[in-house]
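Now for the letters of each chain:
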Amino acid sequence: MQSTLTLSVSNLLIERAERLLCKDLSFEIHAGEIVHIVGENGAGKSSLLKVIAGVLSPLEGELFFAGERITAHRDVLQAQLCYLGHLAGVKSSFTVIENLALHFPAATEVQILAALRSVNIEKYATTPAYQLSAGQQKRIGLARLWLTNKKVWLLDEPFTALDTKGVTVLEEKLQQHAELGGMTLLTTHQKLNSTLHARELSLDS
Ligand SMILES: Nc1ncnc2c1ncn2[C@@H]1O[C@H](COP(=O)(O)OP(=O)(O)O)[C@@H](O)[C@H]1O
Ligand SMILES: [Mg+2]
């Protein structure tokens, strides 16, 4: 797919708790691509996503998005960002529908139910999130991918706690997002046993 949308990471130096996580890290991701960040526990995968999401600051380096330097124009990237942290990110006392309405106040109930159907938790729509399993709660977070129109997806351990069917549904969604000109950066701490067309970026030294 033709598009000029590119996210560039240039010479990043990330340190946390006085531990060097990465140095001189540079890479680009273009529209239509999926980048799979791999590395053992503690390698810095979540930290890297947080730096791109603007939650953490790098000690050195720059981010560029759509030709803009992000340190000066973060709003350009923020407007296109869908970040899902590695916990399910749900409000436990909210029902499943309420958890999604919180992020998509303009979405209709029909749209939210369709998203829940895609990740196979529609029947829990009016159940409080705390009554669901870890995998089902993970799906509440992932259902956001069926409602968002953001182009840049940052997904921290999206496959964790999902069963085989859940993994397949998510892989198909990521592939579709790429085909529609979106980009995805995702992390896993294990090798993906997957048919996903993703470029690997290793943070292991
Ligand atoms: N909340 C935190 N406060 C301070 N240091 C942290 C925090 N979270 C992670 N770290 C440090 O950053 C390192 C990398 O963590 P993280 O990015 O979560 O790794 P990964 O996602 O690859 O498992 C950890 O080993 C730890 O030293
Ligand atoms: Mg992590």
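Residues numbered from 1 in each chain as written. Chains lettered and ligands numbered in written order. Predicted model: local features only at pLDDT ≥ 70, side-chain atom pairs only at ≥ 80, totals over all residues. Heavy atoms only, no water.

J.: Got a sec to walk through the side chain of serine 47? Specific residues and values, please.
T.: Within the element layout of this structure, serine 47 appears in helix 1 (residues 45-53). Classification of serine 47 by relative accessible area gives buried; the value is 6%. In this structure the side chain of serine 47 is engaged in a polar contact, spanning 2.9 Å, whose partner is the side chain of arginine 16. (Helix = DSSP H or I, 4+ residues; strand = E, 2+ residues; numbered from the N terminus. Buried < 20%, exposed > 50% of the residue type's maximum accessible area, 1.4 Å probe, protein only. Polar contact = N/O pair within 3.5 Å; in protein donor to acceptor, adjacent residues only side chain to side chain.)

J.: Run through the sheet that holds strand 5 (residues 68-69), naming residues and quoting values.
T.: Strand order across the open sheet formed by four strands is 2-1-4-5, with antiparallel pairing between neighbours. Taken across any chain shown, the strands that pair with only one partner, and hence form the sheet edges, are strand 2 (19-30) and strand 5. Sitting on the sheet, helix 1 touches strand 1 (6-16), strand 2 and strand 4 (60-65), and the angle it makes with strand 1 is about 120°. (Pairing = 2+ DSSP bridges. Contact = heavy atoms within 4.5 Å. Axes fitted to C-alpha atoms, helices over the stretch in contact; angles between N-to-C directions.)

J.: Would you mind going over the sheet that holds strand 6 (residues 81-84) in detail, with residue names and values included?
T.: In spatial order, the strands read 6-7-8-3-9; together these five strands make up an open sheet with parallel pairing. With one partner strand each, in any of the chains shown, strand 6 and strand 9 (199-202) form the two edges of the open sheet. In this sheet, neighbouring strand axes are inclined to one another by 15° on average, regardless of whether the strands run parallel or antiparallel.

J.: An account of the domain arrangement of the chain is needed here, citing residue identities and associated values.
T.: Looking at the chain, the domain boundaries give domain 1 (1-80 + 151-205) and domain 2 (89-149). A straight line from the C-alpha centre of domain 1 to that of domain 2 covers 24 Å. Facing the 15 residues of domain 1 at the interface are ten residues of domain 2. Interface area, domain 1 with domain 2, both sides summed: about 950 Å², of which 67% is carbon and sulfur. The three residues of domain 1 that bury the most area against domain 2 are Trp153, Leu162 and Lys173, which together make up 39% of that side's buried surface. Between aspartate 163 and arginine 139 there is a salt bridge; the shortest N-O distance is 2.7 Å. There are two residue pairs in polar contact (both at pLDDT 80 or more) connecting domain 1 and domain 2. At the level of secondary structure, the elements contributing two or more residues to the side of domain 1 that touches domain 2 comprise strand 7 (152-155) and helix 6 (164-179). The leading source of residues in the side of domain 1 that touches domain 2 is helix 6, at four residues. (Domains from an automatic or database assignment. Buried area = accessible area lost by both parts, 1.4 Å probe. Salt bridge = Lys/Arg side-chain N within 4 Å of Asp/Glu carboxyl O.)

J.: Please set out helix 4 (residues 109-118) residue by residue, giving values where relevant.
T.: When helix 4 is considered as a whole, its buried residues turn out to be Ile112, Ala115 and Leu116. Buried residues of helix 4, viewed axially, fall in a sector of 100°; they line one side. In the core, the buried residues of helix 4 are packed alongside helix 3 (96-103). A positive backbone phi angle near 60° is found at asparagine 120, which sits one or two residues after helix 4. (Arc of directions from axis to C-beta.)

J.: Which residues make up the site of ligand 1, and what are the values?
T.: Lining the immediate environment of ligand 1, one finds Arg16, Ala17, Arg19, Leu21, Glu40, Asn41, Gly42, Ala43, Gly44, Lys45, Ser46 and Ser47. Between ligand 1 and glycine 42 there is a distance of 2.7 Å, counted from an oxygen atom to a backbone nitrogen or oxygen. Serine 46 is positioned with one of its side-chain polar atoms (N or O) 2.8 Å from an oxygen atom of ligand 1. In the complex, 62% of the free accessible area of ligand 1, which totals 560 Å², lies under the protein chains. The set of elements that each furnish at least two residues to the shell around ligand 1 consists of strand 2 and helix 1. With three residues, the top contributor of residues to the shell around ligand 1 is helix 1. A per-class count over the shell around ligand 1 returns three nonpolar, five polar and four charged. (Near = heavy atom within 4 Å. Areas by Shrake-Rupley, 256 points an atom, 1.4 Å probe, with all protein chains shown as cover. Nonpolar A, V, L, I, M, F, W, Y, C, P; charged D, E, K, R; others polar.)

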